[in-house]
Amino acid sequence: MICPLEGFLVTIRSLRYAMTLGFTAFALCATATAADTLPAVPGEVTFSRDIAPILQRSCQNCHQPDSVAPMSLLTYQQVRPWAKSIKTRTMIRDKAGVMPPYYLEKNIGIQHFKNDPSLSDLELAKIAKWADNGAPEGNPADLPAAKELGGNSHWTAGTPDLIIPSPWITVKAGAPDWWGELASAPTGLTEDRWVKSVEIREENDVQSGSDGGRKTVGSRYIFHHMIWTTHVPGQEASVDDFSEGSSGTWPVHEVGRNADIFPDSAGKLLRKGAEVVFTSSHLHSNGHDTKSRLLYGFTFFPKGYQPEFRYGRRALGNGVDIDILGGQGEQRLDAYQVLEQPTKITSYEPHMHAPGVRMCFEAIWGYNVQTLNCTGYDHNWVRAYEYEDDYAPLLPKGTILHIIGYFDQSGKNKNVPDPRNWSGSGNRSITNMFIDLGQGVNMTDEQFEKEMANRRAKLHLRPNDVVIGCPLCNGEPIKPRQRPMAAPASTGTGAGQE
Ligand code: HEC
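Overview of the structure. (Residues numbered from 1 in each chain as written. Predicted model: local features only at pLDDT ≥ 70, side-chain atom pairs only at ≥ 80, totals over all residues. Heavy atoms only, no water.)

1. As for the state of the cysteines
Then, number 1: By the definition in use, this model includes 2 disulfides.
Then, number 2: Covalently, Cys-360 is tied to Cys-374 through a disulfide, its sulfur atoms 2.1 Å apart. Between Cys-360 and Cys-374, the disulfide has an S-S torsion of 110° and is therefore right-handed. Of the two residues, Cys-360 sits in strand β18 (residues 356–365) while Cys-374 sits in strand β19 (residues 368–376), which places them 14 residues apart along the sequence. (Disulfide = S-S within 2.5 Å. Helix = DSSP H or I, 4+ residues; strand = E, 2+ residues; numbered from the N terminus.)

Here you go:
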């Protein structure tokens with residue numbers, strides 16, 4: 001079957017009807033099995049012609065030598081033994097275990113994100129058919145040109161303009177976890193620069209293939225996460241800074257995190273003379289004596305760039321109510337934040353711990369409730385979902401952001417070490433968090449009107465169209481037509497016709 005509501009724009013006459021339809025469609029989609037939603041693929045599907053391009057785009061950045069994944073998926077010989085497993089792992093779609101690790105639910109909410117590596121239904125269908133038909137190689141002449149690979153030293157968001165290393169640190173094979181601050185690193189910048197993207201990689205002396213038993217993302221690395229800021233020694237933070245005491249933050253580095261690419265209208269400022277401050281790191285042993293450091297790769301906007309918007313504070317989470325019962329699935333938490341200014345939501349980043357399996361993100365404005373997105377969750381991976389600029393939610397002042405977290409402590413969730421335990425809020429993986437770490441920019445009323453006008457022009461809206469993520473974008477509603485009332489048949493006097 002086909003799930004409706006896949007598009008960004010739902011064209012329906014009444015909002016109440018739109019919401020009913022949304023829920024119905026969602027229920028149908030959720031119950032349909034994955035296989036029956038796949039389109040038919042005509043003809044033979046071969047590795048060389050059909051599968052290799054998919055692997056190049058969505059898999060090889062990790063599945064290459066000296067990278068995060070356990071095996072390479074470059075040549076036919078390497079891929080062939082994994083054919084069945086590739087089918088299984090790609091068909092999981094938005095749940096923990098899916099490959100590539102990206103959990104966007106495709107049957108609800110906004111579907112336009114930067115760097116979305118997920119597979120289309122047609123690509124899933126090709127993989128399934130190929131695996132079921134004995135995984136034929138086809139004609140090697142059909143292979144696409146090989147992709148440029150860089151192993152673990154590959155920068156996915158482009159070659160950085162500036163690379164800042166953290167100090168080296170060693171964690172012994174059997175050492176306990178360690179939390180703390182590392183010595184700050186000067187950027188050496190001699191002028192202010194606006195940052196377009198930041199990508200953080202761990203560089204360490206773990207030899208490729210040295211730990212054949214490695215099954216998780218984390219076991220190649222010792223940095224679990226790093227909370228960091230930038231700071232010019234001796235200078236107070238201002239609204240444009242991303243340091244303690246200012247309004248915005250830099251994204252937290254966490255193992256398995258994708259690169260952060262900021263919108264063209266909202267770069268982040270790295271000041272002349274700034275230092276990178278490694279405020280709070282969490283290190284853990286990976287089973288080997290490991291010497292390691294983080295590399296911060298910044299790309300810059302051109303000199304002279306000025307951002308149109310400034311970041312606002314996202315305080316969307318709930319720690320106090322976390323009360324996860326042992327042995328139970330389907331537990332739910334809610335958190336809310338009222339937007340005090342018109343806001344463009346630039347990213348959504350569900351953050352939970354081991355029992356987290358799904359999060360939904362809603363915008364409530366008046367009687368209008370819109371599900372912006374739902375995503376599965378796997379505590380092994382950190383995924384930030386960055387909206388494409390033309391699809392980023394544009395929300396009026398007074399909108400209530402709402403996140404709904406779904407937790408599974410039943411034992412079916414492989415990430416939970418001991419499902420018998422109750423757990424509350426806390427920093428460790430076996431305790432919980434429930435936050436949206438996404439970011440957004442504040443707007444003045446004028447900027448907000450202008451952004452909506454741009455959006456309307458791009459979408460060619462008709463009256464009463466509903467735009468998910470922009471509750472005020474829809475054009476002027478149609479007014480009921482003023483029709484003369486028909487004359488009562490019995491009198492024929494024309495009474496009531498004025
Ligand atoms: C962001 C990095 C990343 C990307 C992208 C990625 N993988 Fe993986 N993959 C991993 C890691 C790490 C593991 C091992 C941990 C696990 O099994 O989840 C893995 C495991 C697997 C496994 C299971 C291996 C086993 O031991 O059973 C398969 C199959 C697989 N990936 C296929 C794919 C395919 C196909 C794609 C693209 C459609 C893909 N992966 C994209 C990192 C990645």
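2. Details of the sheet that holds β19
Adjacent strands of a sheet pair through backbone hydrogen bonds, lying either parallel or antiparallel.
Then, number 1: Ordered by their spatial adjacency, 4 strands build an open sheet running β14-β22-β18-β19, and the pairing between neighbours is antiparallel. Only two strands of the sheet have a single neighbouring strand rather than two, namely β14 (331–338) and β19. Between one strand axis and the next, the sheet turns by 20° as a mean value, whatever way the strands run.
Then, number 2: In terms of strand pairing, β18 meets strand β22 (residues 400–407) through 8 bridges, oriented antiparallel. Residue pairing for β22: Met-359 is matched across the bridge by Gly-405. (Pairing = 2+ DSSP bridges. Axes fitted to C-alpha atoms, helices over the stretch in contact; angles between N-to-C directions.)

3. Quick word on the pattern of salt bridges
Then, number 1: Throughout the structure, instances matching the rule amount to 20 salt bridges.
Then, number 2: Residues Arg-57 and Glu-123 are paired through a salt bridge, measuring 2.7 Å at the closest nitrogen-oxygen approach. In this pair, Arg-57 is assigned in helix α2 (residues 47–58) and Glu-123 in helix α5 (residues 121–132), connecting sequence segments 66 residues apart.
Then, number 3: A relative accessible area of 15% means that Glu-123 is categorised as buried.
Then, number 4: Notably, a salt bridge pairs Lys-344 with Glu-451, separated by 2.9 Å at the nearest N-O pair. Remark: Glu-451 occurs in helix α6 (residues 445–459) and Lys-344 occurs in strand β15 (residues 343–345); sequence separation between them is 107 residues. Summarising the burial analysis for this pair, Lys-344 and Glu-451 share the class buried.
Then, number 5: One salt-bridge network, held together by shared partners, links Arg-257, Asp-260 and Glu-349. (Salt bridge = Lys/Arg side-chain N within 4 Å of Asp/Glu carboxyl O. Buried < 20%, exposed > 50% of the residue type's maximum accessible area, 1.4 Å probe, protein only.)

4. Some remarks on the packing of aromatic side chains
Then, number 1: Evaluation of the coordinates by the stated rule reveals 18 aromatic pairs.
Then, number 2: A ring pair is formed by Phe-262 and Tyr-311, whose centres lie 6.5 Å apart and whose planes are at 75°; its orientation type is edge-to-face. Of this pair, Phe-262 sits in the loop between β8 (260–261) and β9 (268–270) while Tyr-311 sits in strand β12 (residues 310–311), placing them 49 residues apart in sequence. Exposure class is identical for Phe-262 and Tyr-311. Each is buried.
Then, number 3: Taken together, the aromatic side chains of Trp-228, Trp-250, Phe-262, Phe-278, Tyr-296, Phe-298 and Tyr-311 make up a single cluster linked through ring pairs.
Then, number 4: Stacked on the ring of Tyr-311, the Lys or Arg Lys-268 has its end atom at 4.2 Å from the ring centre.
Then, number 5: Looking at Lys-291, its charged tip hangs above the ring of Trp-168, at a distance of 4.8 Å from the centre. (Phe/Tyr/Trp six-rings, centres within 6.5 Å; stacked < 30°, edge-to-face > 60°. Lys NZ or Arg CZ within 6 Å of the ring centre and 35° of its normal.)

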